[in-house]
Amino acid sequence: MKDFHIHFHLDECGADEMTMPNIEKACIELGIDEGTIIKHYSMQLPNGKPDWAAWHTQGTKELDAFLEEYNAYTPKKVVFHSGVETELLNDRGDINIPISDQEKIDMVQLSVHFMIDTEKLPFDFMLYPDSWFSPEFATEEGQRLWREWKERVNAVGADYLLNATANGYLNALKRFPKIKSLAHMGDGIGHLKTFGADLESLSMSRRVEIFEPLMKYMGENGIFWELTAGGMSQEMFDRAKDLGVIFTCTADGHQLYEGWGPLCNHIKAEEALEKLNAQYKK
């Protein structure tokens with residue numbers, strides 16, 4: 001088994017126990033024989049400040065500290081790769097790490113942690129719903145901002161936003177060869193749900209159609225589509241598999257055995273993938 005999305009203790013989101021020896025021990029117990037240890041890397045955040053929601057600016061200094069510790073460890077039984085998890089920034093395919101630092105690592109895990117910037121819905125931090133982490137969005141003013149944001153999202157439309165996301169991913173893959181995997185993708189719509197897009201207006205067949213060019217490129221170039229235990233819809237999976245997409249599983253491990261996102265949940269992700277494969281219709 002492989003898991004290309006294992007967090008490290010040097011990030012605030014990674015538990016202190018997520019050291020190289022502990023990670024390898026847990027991987028051996030779980031049957032994971034190949035993995036990527038990742039460091040968050042975010043040059044810029046939505047508010048232009050060092051901290052936003054659960055994320056923090058991370059750059060060359062933090063990456064070098066990670067690599068120093070990573071390279072000092074010699075694995076005994078597991079093949080490890082060095083990597084970062086970073087964000088897609090816009091539909092043009094810009095990502096949140098410079099090429100100079102991409103060259104230092106084995107792979108980039110590309111995520112969408114916030115709404116990307118697009119022509120019809122330009123980036124506007126003040127209207128980003130931060131309700132997961134910021135109590136001010138429970139206030140009357142926060143709810144007003146949320147309603148205003150949803151009006152703008154719905155005026156643009158879910159079809160446009162999903163197209164922008166798929167095109168952003170595709171443009172990024174074409175520009176940056178270090179991107180080897182799209183992180184915890186599922187159906188690729190999680191961030192749109194979070195930020196209020198009316199996805200019910202899009203049929204599943206339309207969602208699949210929008211992602212087909214991305215799927216085709218991933219299949220032709222060996223880019224991994226990553227799944228967690230949440231899995232994905234059978235229709236989306238079937239079409240991606242038809243186009244040659246290779247799926248990998250992850251627990252998005254921030255801890256080893258318990259708490260939020262433990263590495264041991266990798267088994268659940270594998271079970272979800274096995275179920276999709278069992279029901280795959282060629």
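Below is a summary of the structure that appears in this document. Worth saying up front: this structure is predicted, and the values here are computed from it rather than measured. (Residues numbered from 1 in each chain as written. Predicted model: local features only at pLDDT ≥ 70, side-chain atom pairs only at ≥ 80, totals over all residues. Heavy atoms only, no water.)

A few words now on the packing of helix H7 (residues 204-221) against helix H8 (residues 234-242). Across the interface, H7 lies against H8 with an axial gap of 10 Å and an inter-helix angle of 30 degrees. Taken together, the axes of H7 and H8 are roughly parallel relative to one another. Note that H7 runs across H8; the crossing there is right-handed. Contact with H7, carried on its side by Met204, Ser205, Arg207, Val208, Phe211, Glu212 and Met215, involves Glu235, Met236, Arg239 and Ala240 of H8 and no other residues of that element. Residues that form the contact of H7 with H8 fall into these classes: six nonpolar, one polar and four charged. (Axes fitted to C-alpha atoms, helices over the stretch in contact; angles between N-to-C directions. Helix = DSSP H or I, 4+ residues; strand = E, 2+ residues; numbered from the N terminus. Parallel < 35°, antiparallel > 145°, perpendicular 65-115°, else oblique. Left-handed = near helix turned anticlockwise from the far one by under 90°. Contact = heavy atoms within 4.5 Å. Nonpolar A, V, L, I, M, F, W, Y, C, P; charged D, E, K, R; others polar.)

Moving on to empty space enclosed by the protein. Throughout the structure, instances matching the rule amount to one cavity of 30 Å³ or more. Computed from the structure, the largest cavity encloses a volume of approximately 30 Å³. Every residue along the wall of the largest cavity is listed here: Ala166, Asn167, Leu170, Ile210, Pro213 and Leu214. Within the residue set of the lining of the largest cavity, elements represented by two or more residues are helix H5 (158-175) and H7. Here the residues of the lining of the largest cavity sort into five nonpolar, one polar and no charged. (1 Å grid on protein atoms, 1.4 Å probe; cavity = no way out; pocket = protein on both sides within 12 Å on 5 of 7 lines; lining within 4 Å. Points joined across faces, edges and corners; volume = space filled by probe spheres on them.)

By themselves, these observations are geometric and do not establish any function.
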